[in-house]
Amino acid sequence: RALRVVSVEGEAGIGKTRLLEMAAQEATARGFGVVIVGADEELRGPFLLLRTLLVSTLLERLADDAAARETLEHARDVLWGRQQISGGLSPSEQMLRVYDMTTVALRSLAAARPLALLFDDIQWADEDSLKLIRYLVRTSSPDPIFLMLANRPESGLGVSPATTLLADLERMRLVRRLRVERLSRMQTQALLQHLLGGPVSLEMADTLHARGEGVPFFVVEFAQAFREAGLLQRVEGTWKVSMAARSPVPASVQILIERRLTQLSKDARAALADAAILGRRFRMADLAHVEAAVEPAATQRESGPLETLLASALALNLLTELPEGSAHDYSFTHDEIRAVLMAGQTRQRRRAVHAAIVEMLAASEGTAAINLSVLAHHSLEAGDHERGIRYSVEAARAALHAYAPEEAVRAIDAARPAASTPRDRAALLCLRDDALAILSRGKERMATLAELAALAKALGDAALDLDVTIRRASAARLAGEYEQAGELAAQALQAAEQQHDQGRALKALLELGQARMRSSLGESFMPPPTEVDLDGAAEAFERAAALAGQLEDQSTLAATRRELGVIENGRARQVLLGLIQQNPELVEMLPLLNPKDNPPLMEHFGRARQLIGEAIEIYEQLGDRRALMSSLIALAYANIIEGTQYGHAGRMEQIRRLRRGLRRLTSESERAESEAHMLYSIHVYARSHAYPHLALHRGAETFEAARALGDYQLAFLAAGGVALTHIEMAEVTEAEAWLDRAAAIALEAPHPVPARQMETWRGLLRSAAGDPLGMRTHLERALALATERGSPAGRCELLALLASESAYHGWAVKDVKLLAQAEAHAREALLLAATLPGDLPWEVRAHGALGEVALTRGDAEGAVQAAYAAIDALNRTGNVYPLVLPDVLLAVARCLAGVDDGKAELFRTQTRVVLQRVAEATLDDDIRARWFRAPIQAELTKLVGADMAIVEGRASRELPSGLTERQAEILRQVTAGQTNREIAAHLETTEQSVAEDLEMIFARLGVSTPGQAAAAAVMGGVA
């Protein structure tokens, strides 16, 4: 209805032209007459863009449709000078007349039909044509004309005519500016899926996003180049990329970059090529130093100083200037620009520049130690292999010391082709194996060790050969080949003893112990006794401890003490499992079990605490914070069945905090990922064992953490878990909001499993809302999806849910049809469960449903038998700690109401214990009240005779040793590995105040060091 102007701005290859094409399609669909014209970098001249517009075939067609062909031809004649402008006008007035005639023609077209004029690359347009656009905008505001101007504002020196035009239009409030940015990873994946016509793996999207750096043109061209090179394959319907090869720069990308580089002077291109060797980002001072070293005469170039040369590169968007205060001055806008520049240099020039960089970095005080990997790279590229290998070895060792194994592997692999002597190659391969061991890449280790074994044989080095055997044992263990690992470790131990090599004998014993424990040092906490050889591991670690004492190896001594303590934890677990096998009903009472009532249990846990405590003292003396935190976690497991200030759930929270403290000593990405998964583990545990406050809080935290990581599957599961907790509390509105979040995430990557999960959750939501028809609709859809995918476990789960939910609603409204459906689904679920391995919670639901069906039909005996079957299945499923399924417990309680036998009374007692535990462990008063107010929990509480005073109010627990809450918080921070300064910042106080509090805490606990205090905090349930 009125003139509109949109400016689309962005760098080269960013997709501005494609946006114009999309706008043209949309405008055509809306009935506009559309004309697209573009300026050309190599074609310049007066009114060139205007001439291109007026001779457009599309414009002629629009003029014919509007019966305005005569007006258009008149404007053309004036522009081309075929018709003289009378009246003795000055040149400027004659130009104004040209603008007026052209505007009249365009407005004539717009009068018949809305007109869309789309101009591409106006940064190259001539100034006369841009003045016409300004004139058209000023004089045609009431006309239905849409202007879209695609512009690359960085493409000229100084203020360009296009920049001036847009500034004028912006002052007139007539333009809307759109900045087209580079693509995100998700957008790159969407582009590739559209381009290739199918799903694209995340690895492939990441690879091509990194190569193209989010520039759409580059992403498309690299995808085409990868495909032509055979590096893209469609596996099971998904496009994947080979990670073993790197595609060359596509010719189209090279041509685009070369076109821009040809606008540089010879000297500017040479300086820019030298800067490319310095890196993606560089400092002006470093470039000047290199230029002076390689070619002293370069400082007197005819083209001017370096600043002037780089200014031209800035103008062409080859470089960008970094903000003041940055470590570097300039950055290349794309890595492929560097690749093209370096490819254009001679080999001699490249080597000379690399050598100059090495001398510059090596001479800088304090810089050489920081830039070992950089020095190694430039030394090798300069052809100085001796220095390059030395720097590579130092860089790899430094990377391993800093827990950066990937960087170590990269440094070693870069140096390996240059290593000519067997000793150099052996040193590099040993370091490579050390790095791969940290990365747990067993297959790559085997290949590395095969080469290392051949070198040991060629050198006749018995010590190196023994080292290789120990390393092979380690590699086999990390690959899960525990039997092979044990055999190799035993061979190495025998050889070391024959050679009287105590150091290597100690290493072999450690490998033997780890193979029998099926876990690396410091990674096991409470091993399953049926899966590991506790006695064999104990024998190996005891021998290792004795040998470590002889060699005065305190670190290894501490490690063996810790592992022996963990073995005692495993033996205690074995005792617990034996008790449960003898008395299955004990599983419900474990949270209240006192270890002092069982001497063997007390002995094992006591021995574990003693051994782990010894390890903690040694690690504290050594200052090994990582090993100290791992030992504290093991100590927490040695106290796992004892309550804390916040009930049994407090142990889970304690272990999470300790694990988080351990992760503080890893990389940022590892910390974030590990924290998200630990949060989710606690959420799942809390949801299945009825800790509603933890389920809600940790689920929400998992959701946010997973979204930040880009882990959409974890975010999806967390959102669904929070929704299920709200459903359990009969909070339909809140649950629906969380399911909407889950659905939004599922749309990012549609897949049958999320679709089935969403239908399941929606069905449970409708059930909580009192809508049995909606419940069945969603759950039956989920069942159909599970059937389509051939998932018997999925079918069993859905059948059990349909049975229990249908029975619940059928009992409430005495619906015969619902009850019949519940019975059919329950019996089918039980038949299917019998074919599946393990004890499944779906059996519990099926038996509970059959009980409610029998009860509603008046079959009291059948209801009781089904209830007992549900209790037996629940005890088997709960393993060590019982699952809490309120709806099933309610079904059983209904069936056993009025039954006075011992089994029914035991069930009611156990359920009261569970409800009391939930009340005491739920720290949030509001959440506790909401959970118990929900219809299922409220009726269950009444049926089993739970004291409402207990379930509504949490029993208070005092902190041990008379600690205040502030002192307890300080102790938690100490246990998490925080320094006094970090604790002071957390509490917003002074270091002096923290130190004084610690003195008082130490006195109350009877300890003298932070490590001892941390151990006391773990044992007392404070941390």
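Since this is a predicted model, take the numbers as computed values, not measurements. (Residues numbered from 1 in each chain as written. Predicted model: local features only at pLDDT ≥ 70, side-chain atom pairs only at ≥ 80, totals over all residues. Heavy atoms only, no water.)

## Examining the overall build of the protein chain
No. 1: From N to C terminus, the protein chain includes 49 helices and 10 strands.
No. 2: Looking at the protein chain residue by residue over its 1023 residues, the buried ones come to 50%.
No. 3: When contacts within the protein chain are restricted to residue pairs at least 6 apart in sequence, those whose partners lie at least 24 apart make up 68%.
No. 4: In the form shown here, the protein chain has an accessible surface area of approximately 46,300 Å², with 51% of it arising from carbon and sulfur atoms. (Helix = DSSP H or I, 4+ residues; strand = E, 2+ residues; numbered from the N terminus. Buried < 20%, exposed > 50% of the residue type's maximum accessible area, 1.4 Å probe, protein only. Contact = heavy atoms within 4.5 Å. Areas by Shrake-Rupley, 256 points an atom, 1.4 Å probe, with all protein chains shown as cover.)

## So, the pattern of salt bridges
No. 1: Using the criterion set out here, one finds 49 salt bridges in the structure.
No. 2: The closest approach of N and O atoms between R518 and E483, which form a salt bridge, is 3.9 Å. Of this pair, R518 sits in the loop between α25 (502-517) and α26 (534-550) while E483 sits in helix α24 (residues 482-498), and the two are 35 residues apart along the sequence.
No. 3: Taking the relative accessible area as the measure of exposure, R518 reaches 38% and is therefore partly exposed.
No. 4: Residue E483 is classed as exposed on the basis of its relative accessible area of 56%.
No. 5: R571 is the salt-bridge partner of E568, the closest N and O atoms lying 2.9 Å from each other. Of this pair, E568 and R571 both sit in helix α27 (residues 554-582), 3 residues apart, roughly one helical turn. As far as burial versus exposure is concerned, E568 and R571 are alike and both buried. (Salt bridge = Lys/Arg side-chain N within 4 Å of Asp/Glu carboxyl O.)

## Considering the confidence of the model for the protein chain
No. 1: The pLDDT averaged across the protein chain works out to 80; a share of 83% of its residues lies at or above 70.
No. 2: Contacts for the low-pLDDT stretch residues 586-592, under 50 throughout, to residues beyond four places or in other chains number 22 contacts.
No. 3: Long-range and interchain partners of residues 643-656, a stretch whose pLDDT sits below 50, account for 54 contacts in this model, where long-range means more than four residues apart. (pLDDT = per-residue confidence, 0-100.)

## Side note on the environment of M1000
No. 1: Inspection of the secondary structure puts M1000 in helix α48 (residues 991-1005).
No. 2: On a C-alpha basis, the gap between M1000 and L963 in space is 9.3 Å, while along the polypeptide they are 37 residues apart.

## Details of the packing of aromatic side chains
Any two aromatic rings considered together are summarised by their centre-to-centre distance and by the angle between their planes.
No. 1: Evaluated as defined, the whole model comprises 7 aromatic pairs.
No. 2: Between F47 and Y99, the ring centres sit 6.1 Å apart and the planes meet at 65°, which makes this aromatic pair edge-to-face. With F47 in the loop between β2 (33-38) and α2 (48-54) and Y99 in helix α5 (residues 91-112), this residue pair connects regions lying 52 residues apart in the sequence. Each member of the pair, F47 as well as Y99, carries the same accessibility label: buried.
No. 3: Here the aromatic residues F47, Y99 and Y135 are joined through ring pairs into a cluster of three or more.
No. 4: Here R741 stacks its cationic end above the ring of W738, 4.2 Å away from the centre of that ring. (Phe/Tyr/Trp six-rings, centres within 6.5 Å; stacked < 30°, edge-to-face > 60°. Lys NZ or Arg CZ within 6 Å of the ring centre and 35° of its normal.)

## A look at the sheet that holds strand β9 (residues 319-321)
No. 1: Strands sit in the order β8-β10-β9 across an open sheet of 3 strands; the sheet is antiparallel. The open sheet is flanked by β8 (281-282) and β9, the only strands paired with a single partner.
No. 2: Strand direction decides the pairing type here: β8 and strand β10 (residues 330-332), joined by 2 bridges, are antiparallel. By the bridge assignment for β10, R281 is matched with S331.
No. 3: Across the sheet, helix α14 (residues 306-315) lies against β8, β9 and β10, angled at about 105° from β9, the strand it touches most. (Pairing = 2+ DSSP bridges. Axes fitted to C-alpha atoms, helices over the stretch in contact; angles between N-to-C directions.)

## Quick word on the nonpolar core
No. 1: V892 and L896 are the most contacted members of the largest nonpolar core, which has 82 residues in total.
No. 2: Filtering out sequence-adjacent residues up to four positions away, V892 remains in contact with A867, A870, I871 and F907.
No. 3: Counting 69 residues, the second largest nonpolar core, distinct from the first, contains V6, A150, M284 and V290. (Core = buried A, V, L, I, M, F, W, Y, C linked by side-chain atoms within 4.5 Å.)

## Here we look at the side chain of R928
No. 1: Relative to the assigned elements, R928 resides in helix α43 (residues 925-933).
No. 2: Looking at R928, the relative accessible area reads 3%, which means it is buried.
No. 3: There is a polar contact of 3.2 Å between the side chain of R928 and the backbone oxygen of A919. (Polar contact = N/O pair within 3.5 Å; in protein donor to acceptor, adjacent residues only side chain to side chain.)

## Examining the environment of Y619
No. 1: Mapped onto the fold, Y619 is located in helix α28 (residues 599-622).
No. 2: A C-alpha to C-alpha distance of 8.8 Å links Y619 and S631, two positions 12 residues apart in sequence.
No. 3: In contact with Y619, not counting residues within four places along its chain, are S555, A558, A559, D624, A627, L628 and S631.

## Overview of the sheet that holds strand β5 (residues 175-179)
No. 1: Pairing within the open sheet is parallel, and its 5 strands lie in the order β2-β3-β4-β1-β5. Since the sheet does not close on itself, it has two edges, and those belong to β2 and β5, each with one partner. Neighbouring strand axes in the sheet, compared pairwise and without regard to direction, differ in orientation by 15° on average.
No. 2: Pairing between strand β3 (residues 115-120) and strand β4 (residues 145-151): 5 bridges, direction parallel. When the sheet's bridge partners are listed, A116 is paired in β4 with F146.
No. 3: Contacts from helix α1 (residues 16-29) reach β1 (4-9), β2, β3 and β4, with the element oriented near 170° to β3.
No. 4: Taken strand by strand, helix α3 (residues 57-65) contacts β2 and β3, and its axis lies near 155° from that of β2.

## Some remarks on the pairing of β3
No. 1: For β3, a buried count of 6 out of 6 residues is recorded, marking the element as mostly surrounded by other parts of the structure.
No. 2: Side chains of β3 alternate between two faces, with L115, L117 and F119 and A116, L118 and D120 buried alike.
No. 3: Where β2 and β3 come together, 6 bridges link them in parallel fashion. Across the sheet, the residue bridging to I36 is L118, located in β3.

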